[in-house]
Amino acid sequence: VLFRSVVWAGGTHRRTDGQVQRYAPQDVRFEVLRQWRSPHSGASYPVAMAVVLGKAADTMRLELKPLMDDQELDARASTGNYYWEGAVRSSAANATDASRKLLQGRGYLELTGYWRAQKL
């Protein structure tokens, strides 16, 4: 499942040898691996996802999985909405050879716009 829409995409990968690979918006794709529905707000978030970077043989697939699903914040008193932000585990592989793991790590993911349309 692909995301309905992406407002902005792009990225940079710094390799262990110091080389930098920049990715243009058309070189970044998001795929939903698993959704989680909040028992608090009813919003459904794509808490586990793959970020696919690059084209053809140089493609990298980065999988993000939450340390725990319920990391939703109730920010209605300040920003007027609910959103999800939290700790994730990451693993990456060459997309053409998924058995070849390139890196594993930890990160932070923020998901906004899943509760309801925000009036600005």
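Every chain is numbered independently, its residues counted from 1 as its sequence is written. Totals for whole chains, interfaces and linings use all residues, but because this is a predicted model, local features are given only for residues with pLDDT of at least 70 and pairs of side-chain atoms are given and counted only at 80 or more. In computing side-chain properties, one takes all heavy atoms of the structure into account and sets aside hydrogens as well as water.

Undergrad: So what exactly am I meant to see when it comes to the overall build of the chain here?
TA: For helices the rule is a DSSP run of H or I covering at least 4 residues; for strands it is a run of E covering at least 2, with both sets numbered from the N terminus onward. From N to C terminus, the chain includes zero helices and eight strands. Helices and strands appear in the chain in the N-to-C order β-β-β-β-β-β-β-β. We call two residues contacting when some pair of their heavy atoms lies within 4.5 Å. Relative to all contacts within the chain whose residues are 6 or more apart in sequence, the contacts with residues 24 or more apart total 44%. The method behind every accessible area is Shrake-Rupley, applied with a 1.4 Å probe, and residues are considered shielded solely by the protein chains displayed. Accessible surface, the chain: about 8,000 Å² in total, of which carbon and sulfur atoms supply 50%.

Undergrad: Help me understand the pattern of salt bridges, please; the structure alone is not making it clear to me.
TA: For side chains bearing opposite charge, pairing can occur when the charged atoms are close. Note on definitions: salt bridges are taken to be side-chain nitrogens of Lys or Arg within 4 Å of carboxyl oxygens of Asp or Glu. Across all of its chains, the model carries six salt bridges by this definition. When the shortest N-O distance is used, the salt bridge between Glu 31 and Arg 29 registers 2.8 Å. Judged by relative accessible area, Glu 31 falls into the buried class, the value being 17%. Between Arg 34 and Asp 69 there is a salt bridge, with its nearest N and O atoms 2.9 Å apart. Of this pair, Arg 34 sits in strand β3 (residues 28–37) while Asp 69 sits in the loop between β5 (60–66) and β6 (72–75), and the two are 35 residues apart along the sequence. The structure contains a network of salt bridges with shared partners spanning Arg 29, Glu 31, Arg 61, Glu 63 and Lys 65. Only protein chains enter the accessibility calculation, which uses a 1.4 Å probe; a residue is then buried when its area is under 20% of its type maximum, exposed when over 50%, and partly exposed in between.

Undergrad: Sorry, what's going on with the nonpolar core here?
TA: Nonpolar side chains tend to gather and get buried jointly when the protein is soluble and globular. One finds Val 28, Tyr 45, Leu 64, Trp 84, Leu 109 and Leu 111 to be the most contacted residues of the largest nonpolar core, which totals 16 residues. Those elements that provide at least two residues to this core are β3, β4 (44–53), β7 (81–94) and β8 (97–111). Residue contributions to this core peak at five residues, all from β4. In this structure, Leu 109 is in contact with Val 47, Met 49, Leu 64, Trp 84, Glu 85, Gly 86 and Val 88, ignoring residues within four places of it in sequence. In these notes, a set of buried Ala, Val, Leu, Ile, Met, Phe, Trp, Tyr and Cys residues joined through side-chain atoms within 4.5 Å is what counts as a nonpolar core.

Undergrad: Looking at this structure, I do not really get the packing of aromatic side chains. What am I missing?
TA: To describe a pair of aromatic rings, one takes the distance between the centres and the angle between the planes. Stacked, tilted and edge-to-face pairs are distinguished by plane angle, under 30 degrees for stacked and over 60 for edge-to-face with tilted covering the rest, among Phe, Tyr and Trp rings (Trp via its six-membered ring) whose centres lie within 6.5 Å. Within this structure, the stated rule accounts for three aromatic pairs. Measuring from centroid to centroid gives 5.0 Å for Tyr 82 and Trp 115, while their planes differ by 70 degrees, and the two rings are edge-to-face. One end of the pair, Tyr 82, is in strand β7; the other, Trp 115, is in the segment after β8, with 33 residues separating them in the sequence. Assessed through its relative accessible area of 8%, Tyr 82 is described here as buried. These aromatic residues form a ring-pair network of at least three members: Trp 36, Tyr 45 and Tyr 114.

Undergrad: What should I look at first to understand the environment of Gln 19 in this one?
TA: As for its position among the elements, Gln 19 is in the loop between β1 (11–14) and β2 (20–23). What makes Gln 19 partly exposed here is its relative accessible area of 48%. With residues up to four places along the chain from it excluded, the contact list for Gln 19 reads His 13 and Arg 14.

Undergrad: It is not clear to me how the side chain of Glu 72 should be interpreted in this structure. Could you clarify?
TA: Residue position: Glu 72 is located in strand β6. Positive: Lys, Arg. Negative: Asp, Glu. His and the chain ends are not part of the count. In this structure Glu 72 is buried but unpaired, with Arg 76 as the nearest side chain of opposite charge at 8.6 Å. Polar contacts involving the side chain of Glu 72 include one to the side chain of Ser 38, which spans 2.5 Å. Within polar-contact distance, the side chain of Glu 72 engages the side chain of Ser 41 at 2.5 Å. Sequence-distant contacts of Glu 72, that is, excluding residues within four places in its chain, are made with Trp 36, Ser 38, His 40, Ser 41, Ala 43, Tyr 45, Tyr 82, Tyr 83 and Trp 84. Contacts described as polar in this section are N or O atom pairs within 3.5 Å, which, within protein, must combine one atom able to donate a hydrogen with one able to accept it, while residues neighboring in sequence count only if both atoms come from side chains.

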